[in-house]
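A closer look at the structure
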Amino acid sequence: MPNIVVIGSLAYDSIYTPSGAAERALGGSSNYFSLAASLYTKVRVVGVVGEDYLATDLELLTHRGVDVSGVQKLPGKTFHWAGKYEGDLNEAQTLVTELNVFETFSPKLPEKYRDSEYVFLANIDPDLQMSVLEQVKKPRVIACDTMNFWISSKLNSLKKVIEKVDVLLINEGEAKILTGAPNAIAAAPLLNKMGPKAVVIKRGEYGFALYHDSHFFILPAFPISKVIDPTGAGDTFAGGFMSYLAQHSGDLSRESLRNACIRGSMLASFTVQDFSIRALLKLSAADVEKRQAEYRKVISL
Ligand code: AMP
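Heads up: these notes are all about the structure in this document. All values derive from a computational prediction rather than experimental measurement.

Let's talk about unusual backbone geometry
With a phi angle near 50°, N100 is a residue other than glycine that sits in the positive phi range. In this model, S276 sits at a positive phi of 55°, which is unusual for a non-glycine residue. Secondary-structure assignment places S276 in the loop between α9 (254-271) and α10 (278-282).

This is how it looks when you write it as structure tokens:
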């Protein structure tokens, strides 16, 4: 089975949405990514947690066959993010970002991770993303994500990462900030020029826009009437997307990229139906397949 190595945050999140609140709930880009991708393929996580991180939270990953031998436990507290959604559920307002143990973290990949063919640089400090990338011997497909926090604090490092990846996955809001373009359609070709072969702009309830080889492919999200908590939708999308590519030998053809986006989009539609990672814990590949069959009816012409 192909292996994906992922670097990203392992976090406790405090989230406030119109549906309620979840205080110090399990989150972080790596957790969402891994729980999604591990429905289909092997995942190896690189990251750091603090002394407060519960062993049972790490076990949620190991129960799914995820390799966590690249996760270090350091003195101090786990990364903590607090975010609020008001009105527009597609855009989170960051209230607090406490990097904590990530401030001094220097990733060192276990030897067995270095042969991984697929690399996902989930949302985290771009210097850490680059360090992981440099330690993987011969990656077949590299993709990355980021967010406004890193665009404003580490733009030069981030540009160097984006230059090296095959696929950039990014939120519409962040795509606009990074390029200065007024919308996703104007931003995608500009992001493409920064290096990646393909650009996927995630648009919340409006779905995604894939830009590749001068062509757009745009689809809406699966219709969900009650979005409870959009946190992690982007990372879940990325987990589905990368798992599809890993299962298809890293095929970056138009058709393969389209299918990878559809899988990502299907998985993300489950994540938003509950707080934290709860929906992903209950999810099976059969549930995803069933939803995808319903979705095909929604988008058929
Ligand atoms: P998403 O909603 O998919 O964009 O990602 C949400 C996750 O990103 C949350 O679970 C947070 O813990 C995590 N997160 C928020 N800010 C950062 C940051 N600056 N670096 C890394 N991860 C972050």
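Remarks on the sheet that holds strand β1 (residues 3-7)
Pairing is mixed across the open sheet formed by 9 strands, whose spatial order is β5-β4-β1-β8-β9-β10-β11-β12-β13. Of all strands in the sheet, those with a lone pairing partner are β5 (67-73) and β13 (215-219), marking the two edges. If you compare each strand with its neighbour and ignore which way they point, the axes differ by 15° on average. As judged from the 2 bridges shared by strand β9 (residues 141-144) and strand β10 (residues 167-171), these two strands associate in the parallel manner. Bridged to C144 within β10 is L168. Where helix α6 (residues 172-179) meets the sheet, it contacts β10 and β11 (198-202), and its direction lies at approximately 105° from that of β10.

Some words on the nonpolar core
By size, the foremost hydrophobic cluster in this structure holds 55 residues, and its most contacted members are F33, F120, V200, F208, F241 and M242. Beyond its immediate stretch of four places on either side in the chain, V200 contacts V167, L168, L169, I170, F208, A209, L210, F237, F241 and C261. L158, I170, L178 and F275 belong to the second largest nonpolar core, which has 48 residues in total.

Quick look at the pattern of salt bridges
Taken as a whole and assessed by the stated rule, the structure comprises 13 salt bridges. Of the charged contacts, one joins K154 and D127 as a salt bridge, the two residues approaching to 2.8 Å between their closest N and O atoms. Of this pair, K154 sits in the loop between α4 (148-153) and α5 (155-164) while D127 sits in helix α3 (residues 126-135), and the two are 27 residues apart along the sequence. Overall, K154 belongs to the partly exposed group, its relative accessible area being 24%. Assessed through its relative accessible area of 38%, D127 is described here as partly exposed. Measuring nitrogen to oxygen at the nearest pair gives 2.3 Å for the salt bridge that ties K197 to D166.

As for the sheet that holds strand β6 (residues 79-84)
What the 4 strands build is an open sheet, ordered β3-β2-β6-β7; its pairing is mixed. With one partner strand each, in any of the chains shown, β3 (20-27) and β7 (93-98) form the two edges of the open sheet. The average angle at which neighbouring strand axes cross in this sheet is 15°, direction not considered. Across 6 bridges, the pairing between strand β2 (residues 11-17) and β6 is parallel. Bridging across to β6, S14 finds its partner in A82.

Quick notes on the pairing of strand β8 (residues 118-121)
Where burial is concerned, the two faces of β8 agree: the one with Y118 and F120 and the one with V119 and L121 are both buried. Sheet analysis places β1 next to β8, joined by 4 bridges and oriented parallel. Across the sheet, the residue bridging to V5 is V119, located in β8. Note that β8 and β9 share 4 bridges and pair parallel. Directly across from V119, in β9, lies its bridge partner I142. Regarding the hand of the β-α-β motif, the stretch spanning β8, α3 and β9 is right-handed.

A look at the site of the ligand
Taken together, the neighbourhood of the ligand is formed by 18 residues, with S9, D13, G28, G232 and D235 sitting nearest. Contact distances for the ligand include 2.4 Å between an oxygen atom and a side-chain N or O atom of D13. Interatomic distance of 3.0 Å between a side-chain N/O atom of W150 and a nitrogen atom of the ligand. Of all the elements in the fold, those that place two or more residues in the shell around the ligand are β2, β6, α4 and α8 (233-247). The biggest single contributor to the shell around the ligand is α8, with 3 residues.

Describing the environment of I177
Among the structural elements, I177 can be located in helix α6. In this structure, the C-alpha to C-alpha distance between I177 and G20, residues 157 residues apart in sequence, is 29 Å.

Things to note about the pairing of β2
Within β2, 6 of the 7 residues are buried, leaving the element largely enclosed by the surrounding structure. Relative to β3, β2 is paired through 6 bridges, and the arrangement is antiparallel. Pairing of A11 across the sheet is with G27, part of β3. The hairpin formed by β2 and β3 contains 2 residues between the paired strands.

Definitions and cut-offs
Residues numbered from 1 in each chain as written. Predicted model: local features only at pLDDT ≥ 70, side-chain atom pairs only at ≥ 80, totals over all residues. Heavy atoms only, no water. Helix = DSSP H or I, 4+ residues; strand = E, 2+ residues; numbered from the N terminus. Pairing = 2+ DSSP bridges. Axes fitted to C-alpha atoms, helices over the stretch in contact; angles between N-to-C directions. Contact = heavy atoms within 4.5 Å. Core = buried A, V, L, I, M, F, W, Y, C linked by side-chain atoms within 4.5 Å. Buried < 20%, exposed > 50% of the residue type's maximum accessible area, 1.4 Å probe, protein only. Salt bridge = Lys/Arg side-chain N within 4 Å of Asp/Glu carboxyl O. Right-handed = clockwise from strand over helix to strand, strands pointing away. Near = heavy atom within 4 Å. Polar contact = N/O pair within 3.5 Å; in protein donor to acceptor, adjacent residues only side chain to side chain.

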